[in-house]
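Remarks on the overall topology
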Amino acid sequence: MSEETIFTQIVAGEIPSHTVYEDETTYAFLDVNPLAPGHTLVIPKEPYERLNDMPTDLIGDVFETTGQIAEAVENAVDAPATTIAINNGEAAGQEVPHVHVHIVPQFEDGTAKPIHTLFDGVDLADDELAQIAEAIRSNQ
Ligand code: AMP
């Protein structure tokens, strides 16, 4: 776990934020550089760097808060849907080394983009998929 991050400073009130939710283990606030109106970040209060590092009960807490806040965000900005995403590690574009779930509202105004637009995609044969699935099963 990292000692302190910009997000632990937000939780501690040392850096201002537009807080929308707080409970014992989780915290949610507006992204300072929003991708859409209502773009919100949900974090565990403890500064785990990646989702993989977190205890499962805390992952549960973060996703419980995410579901609850996604509903509130959609209602608040009148969005029919949200994209919910985690940049899980530096190579995935994670800038702040403290797990955060992005809740980004999407609108029916022609600007909505599915997450598949982020990737070029790959062609994998069925035996390659089977091999990858086996590798994932044996790495648990
Ligand atoms: P990521 O690239 O997934 O690590 O996203 C980090 C997010 O944190 C970005 O969307 C930033 O705009 C956001 N961010 C950074 N500093 C702050 C801050 N002080 N308050 C709110 N959001 C922040």
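Read on for an overview of the structure. (Residues numbered from 1 in each chain as written. Predicted model: local features only at pLDDT ≥ 70, side-chain atom pairs only at ≥ 80, totals over all residues. Heavy atoms only, no water.)

**A word on the layout of surface pockets**
- Space inside the largest pocket adds up to approximately 1,200 Å³.
- Considering each element in turn, the lining of the largest pocket owes the most residues, four residues, to strand β5 (residues 101-106).
- Of the residues in the lining of the largest pocket, the class split is 23 nonpolar, 14 polar and three charged. (1 Å grid on protein atoms, 1.4 Å probe; cavity = no way out; pocket = protein on both sides within 12 Å on 5 of 7 lines; lining within 4 Å. Points joined across faces, edges and corners; volume = space filled by probe spheres on them. Helix = DSSP H or I, 4+ residues; strand = E, 2+ residues; numbered from the N terminus. Nonpolar A, V, L, I, M, F, W, Y, C, P; charged D, E, K, R; others polar.)

**Considerations on a nonpolar patch on the surface**
- Among the surface-exposed residues, Val122, Leu124, Leu129, Ile132 and Ile136 lie close enough to one another that they form a single nonpolar patch of about 460 Å² accessible area.
- Assignment of secondary structure puts valine 122 in the loop between β5 and α3 (126-138). (Patch = residues over 30% accessible without salt bridge, like charges linked within 9 Å, V, L, I, M, F, W, Y side chains within 5 Å. Areas by Shrake-Rupley, 256 points an atom, 1.4 Å probe, with all protein chains shown as cover. Salt bridge = Lys/Arg side-chain N within 4 Å of Asp/Glu carboxyl O.)

**Points about the side chain of threonine 66**
- Tracing the sequence through the fold places threonine 66 in helix α2 (residues 56-77).
- Note on threonine 66: relative accessible area 2%, which makes it buried.
- One polar contact links the side chain of threonine 66 to the main-chain carbonyl oxygen of valine 62, over a distance of 2.7 Å.
- Once you skip the residues sitting within four places of it in the chain, threonine 66 turns out to touch Val42, Ile84, Val101 and Ile103. (Buried < 20%, exposed > 50% of the residue type's maximum accessible area, 1.4 Å probe, protein only. Polar contact = N/O pair within 3.5 Å; in protein donor to acceptor, adjacent residues only side chain to side chain. Contact = heavy atoms within 4.5 Å.)

**Let's talk about the nonpolar core**
- Counting 13 residues, the largest nonpolar core has Ala28, Val42, Tyr48, Met54, Val62, Ile69 and Ile103 as its most contacted members.
- Of all the secondary-structure elements, those providing two or more residues to this core are α2 and β5.
- Of the residues forming this core, the biggest block, five residues, is contributed by α2.
- Not counting chain neighbours up to four residues away, the residues in contact with alanine 28 comprise Thr19, Val20, Tyr21, Thr40, Leu41, Val42 and Ile69.
- One finds Phe7, Tyr27, Phe29 and Val96 within the second-largest nonpolar core, a separate group that totals seven residues. (Core = buried A, V, L, I, M, F, W, Y, C linked by side-chain atoms within 4.5 Å.)

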